[in-house]
Amino acid sequence: MLKIRIAIADDYSIFRDGLKVGFNRDKNLEVLFEASDGQELMQKLEQLQPDVIVMDIKMPLIDGIEAMKLIRKKYANDIRILVLTMYDDVKFIIHLMENGANGYLLKNADPKEIRKAIYSIYESDYYFNDLVTKALLKKLTFKGPIKPSLNQTIAFSERELDVLKMICNEKTAAEIGNELFLSPRSVEGIRMRIIEKTGVRNTAGLVMFAIKNGVVE
């Protein structure tokens, strides 16, 4: 496996150092650079593009929310973002997941879960834990009952629905291809078509769309 290149953005150097120690114990993880604020992060991204950014929300100059908007605008979905913060407010979780985050963890998460999340969003484009799932379900209760059917303005082929369901079951492109007798490239093409149809930003958005519209439970 190629090394997963990581950037760490957090305004506390002692926390960055702790993350680096944990990541350096894993031969498949490489810390490419670190930044103490969003502005420094954006500057360093001009020179080096990591596979995954582990980023806090509260940072000086440019905060994590604004930095994520800038990253998505400039680099689309080429860089995955794992939010690692102290904020467990539902509004933060939903807003960030719907606007480009690939995963959301609290800073008191076990180091093993942080590494697990990095692997998951690198391989499958997202990481859904209990925190995110509960926040999503709470948001649905705010909106009232959701009719368990697809958005009638969007028409999916049977193959697209099969791929969408397997994405929600955390299958990789290779695993989906094996089950549907497709190449990983064909699976990726179908995934991109579904993203275009639904108007979401990434695979995490697809999963939330599927839950909201009754594609999966």
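A brief structural summary. (Residues numbered from 1 in each chain as written. Predicted model: local features only at pLDDT ≥ 70, side-chain atom pairs only at ≥ 80, totals over all residues. Heavy atoms only, no water.)

### Details of the pairing of strand β3 (residues 52-55)
Residues Val-52 and Val-54 point to one face of β3 and Ile-53 and Met-55 to the other, with burial holding for every one of them. Strand direction decides the pairing type here: strand β1 (residues 4-9) and β3, joined by four bridges, are parallel. Within β3, the residue paired with Ala-9 across the bridge is Met-55. Of the pairings in the sheet, the one linking β3 to strand β4 (residues 80-85) comprises four bridges and is parallel in character. Residue Val-52 lies in a different strand from β4, and its bridge partner there is Arg-80. Crossover handedness for the path β3 to helix α3 (residues 64-75) to β4: right-handed. (Buried < 20%, exposed > 50% of the residue type's maximum accessible area, 1.4 Å probe, protein only. Helix = DSSP H or I, 4+ residues; strand = E, 2+ residues; numbered from the N terminus. Pairing = 2+ DSSP bridges. Right-handed = clockwise from strand over helix to strand, strands pointing away.)

### Some details on the pairing of β4
Of all the six residues making up β4, six are buried; the element is thus mostly covered by neighbouring parts of the structure. Side chains Arg-80, Leu-82 and Leu-84 project from β4 onto one buried face, and the interleaved Ile-81, Val-83 and Thr-85 project onto a second face that is buried too. As judged from the four bridges shared by β4 and strand β5 (residues 103-106), these two strands associate in the parallel manner. Opposite Leu-84, over in β5, you have Leu-105 as the bridge partner. After leaving β4, the chain enters helix α4 (residues 90-98) and then returns to the sheet as β5, a path that is right-handed.

### Overview of the nonpolar core
Leu-41, Leu-45, Met-55, Met-97 and Tyr-104 are the most contacted members of the largest nonpolar core, which totals 51 residues. If you tally residues by element for this core, the top one is helix α10 (residues 203-212), at six residues. Look past the residues within four positions of Leu-41 in its chain and what remains in contact with it is Ala-9, Phe-33, Ala-35, Ile-53, Met-55, Ala-67 and Ile-71. Among the nonpolar cores identified, the runner-up in size contains 18 residues, and Leu-19, Val-54, Leu-105 and Tyr-127 belong to it. (Core = buried A, V, L, I, M, F, W, Y, C linked by side-chain atoms within 4.5 Å. Contact = heavy atoms within 4.5 Å.)

### Some details on the packing of aromatic side chains
For the structure shown, the criterion picks out one aromatic pair. Summarising the aromatic geometry, the rings of Tyr-126 and Phe-128 are spaced 5.4 Å apart at their centres and angled 75 degrees between planes, so their arrangement reads as edge-to-face. Accessibility assignment for this pair places Tyr-126 and Phe-128 in one class, buried. Positioned over the ring face of Phe-15 is Lys-107, at 4.4 Å from the centre of the ring. (Phe/Tyr/Trp six-rings, centres within 6.5 Å; stacked < 30°, edge-to-face > 60°. Lys NZ or Arg CZ within 6 Å of the ring centre and 35° of its normal.)

Spatial relationships are all this shows, so hold off on functional conclusions.
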